[in-house]
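# Topology and contacts: notes
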Amino acid sequence: MPPLVLGTLELATPVLSAPVAGFTDLVYRGILREFGGCGLIFTEMVSAGGWILGKFAPDRLAGVREEPRPLGVQLWDREPDYVREAAARLRDYQISVIDLNFGCPKRRIMGKQGAGATLLRDPWAVGRIVSAAVAGAGPIPVTAKIRLGPSLEETTAVEVARSAEANGAAAVTVHGRTAEQAYGEPVDLAMIARVAAAVSIPVIANGDVDDASSAVRTLAATGAAGIMVARAALVRPWIFREIAAALCGEAPLPPPTVREQTAQLLRHHAALVDRHGDPWGTVQMRKFACRYMTGVPGSAEFRSAISRAKDADDFRRIVEGFAAGVAADACAATAGVAGDGGFADEECSATPAAVSARAADRAS
Ligand SMILES: Cc1cc2nc3c(=O)[nH]c(=O)nc-3n(C[C@H](O)[C@H](O)[C@H](O)COP(=O)(O)O)c2cc1C
């Protein structure tokens, strides 16, 4: 697959980590870098006007000056002047890419603010905002992230992408649903393909990529130059290296074992507590922990317990108890299936998928 180039920036892989508000913070971005395979990582979306007007000091920009590159920051606003000024500030941060949010379906952003996916109704307005960002950003590539349109009756993605391109966008990411659809319907890959065919800048396909084969399928069906992943990477932050390997025709590194995942979970929690203190770091970690163990038997009970963890000690106790239960289950299953406790230690290091498969075998 040819390299993905955004303006002057050539990415090491065409697999991007999406902006995800409430999740893609400094600590999570560090974890993604450790697992590797991700060509570009984005921050959460940042309100350009809120930043410029000094209504808040965006915690979402914490660490951004010092972090390794490439790193993208996403801005949202409907006011071109705020966007231009925020982009100029980000130039001072020497950020790699500035992305503009034209896809957020949240009522707070679309309604009162008239921003996010509301702007998809007006390709001309999108163009003005892109143009303002390009003027402020100087040499930094500006990209736009869109949905197919506000609703199925108004699928404006082709016009919006053309307007973004005409006003200097270096690429467009298309989430293959309308704002009204939220996540209700499967992504429309044919519509993403129409956008990719309509512009000369790279189009990055987004939506429902949850493993290497869905990434390969999405690229083939859309003709997109890259892939962006959001939700699946919150469950399996190593997904980027799996997709990147598949795109090069290489065998992926094996996924982490349950034991490694547990250690990872505790490291992530420790980093958040280090950054935010306790219990706030623990509170922040609950939503990640709920996702991390998806697919491992007993994860429903784990989720219920961890979402109520009140402080760091409580959190560690719940995780360690869960991990001990999973290991015991895997060992017992192996002893039962193979009749040979000699494999037990190996089995205790099983991947979540293997543990699940074994649990299903036992159940059937
Ligand atoms: C909790 C959550 C927060 C999100 N925050 C943002 C955001 O800040 N900016 C943005 O452009 N998209 C945001 N998105 C949308 C994702 O970036 C992505 O477009 C969407 O989830 C589809 O990709 P996926 O199927 O890989 O999850 C968010 C999605 C979720 C679930």
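Summarised in this report is the structure supplied together with it. (Residues numbered from 1 in each chain as written. Predicted model: local features only at pLDDT ≥ 70, side-chain atom pairs only at ≥ 80, totals over all residues. Heavy atoms only, no water.)

### Some words on the layout of surface pockets
- By volume, the largest pocket is sized at about 710 Å³.
- Lining the largest pocket are 31 residues, with Pro-19, Val-20, Lys-145, Tyr-183 and Ala-230 sitting closest to its centre.
- Taken together, the elements giving at least two residues each to the lining of the largest pocket come down to strand E4 (40-47), strand E7 (142-147), strand E10 (226-229) and helix H9 (231-235).
- Counted by class, the lining of the largest pocket contains 16 nonpolar, six polar and nine charged residues. (1 Å grid on protein atoms, 1.4 Å probe; cavity = no way out; pocket = protein on both sides within 12 Å on 5 of 7 lines; lining within 4 Å. Points joined across faces, edges and corners; volume = space filled by probe spheres on them. Helix = DSSP H or I, 4+ residues; strand = E, 2+ residues; numbered from the N terminus. Nonpolar A, V, L, I, M, F, W, Y, C, P; charged D, E, K, R; others polar.)

### Things to note about the site of the ligand
- In the neighbourhood of the ligand, 17 residues make up the surrounding shell, with Gln-74, Tyr-183, Asn-206, Asp-208 and Arg-231 lying closest.
- Within the backbone of Pro-19, one N or O atom sits 2.9 Å away from an oxygen atom of the ligand.
- At 2.6 Å from an oxygen atom of the ligand is found a side-chain nitrogen or oxygen belonging to Asn-206.
- A total of 610 Å² of accessible area belongs to the ligand in isolation, and the protein chains cover 86% of it. (Near = heavy atom within 4 Å. Polar contact = N/O pair within 3.5 Å; in protein donor to acceptor, adjacent residues only side chain to side chain. Areas by Shrake-Rupley, 256 points an atom, 1.4 Å probe, with all protein chains shown as cover.)

### Some details on the pattern of salt bridges
- In total, this model carries 13 salt bridges according to the counting rule given.
- As a salt-bridge pair, Glu-242 and Arg-236 come within 3.4 Å of each other at their nearest N and O atoms.
- Taking the relative accessible area as the measure of exposure, Arg-236 reaches 23% and is therefore partly exposed.
- One network of salt bridges, in which partners are shared, links Arg-29, Arg-33 and Glu-67. (Salt bridge = Lys/Arg side-chain N within 4 Å of Asp/Glu carboxyl O. Buried < 20%, exposed > 50% of the residue type's maximum accessible area, 1.4 Å probe, protein only.)

### Some points on empty space enclosed by the protein
- What the rule picks out here adds up to one cavity of 30 Å³ or more.
- Together, Ser-17, Ala-18, Val-20, Thr-24, Tyr-28, Val-229, Ala-230, Ala-233, Leu-234 and Phe-240 line the largest cavity.
- Taken together, the residues that form the lining of the largest cavity break down as eight nonpolar, two polar and no charged.

### Some remarks on the state of the cysteines
- Tallied over the entire structure, the rule returns zero disulfides.
- Looking at the unpaired Cys-38, the closest cysteine sulfur is the one in Cys-248, lying at 14 Å. (Disulfide = S-S within 2.5 Å.)

### Thoughts on the packing of helix H5 (residues 123-137) against helix H6 (residues 157-166)
- The geometry of H5 relative to H6 is characterised by a closest axis approach of 8 Å and an angle of 30° between their N-to-C directions. Compared by their axis directions, H5 and H6 come out roughly parallel. In the crossing of H5 with H6, the sense of the turn from one axis to the other is right-handed. In contact with Pro-123, Trp-124, Val-126, Gly-127 and Val-130 of H5, H6 contributes Glu-159, Val-160, Ser-163 and Ala-164. (Axes fitted to C-alpha atoms, helices over the stretch in contact; angles between N-to-C directions. Parallel < 35°, antiparallel > 145°, perpendicular 65-115°, else oblique. Left-handed = near helix turned anticlockwise from the far one by under 90°. Contact = heavy atoms within 4.5 Å.)

Remember that the coordinates give geometry; whether it matters functionally is a separate question.
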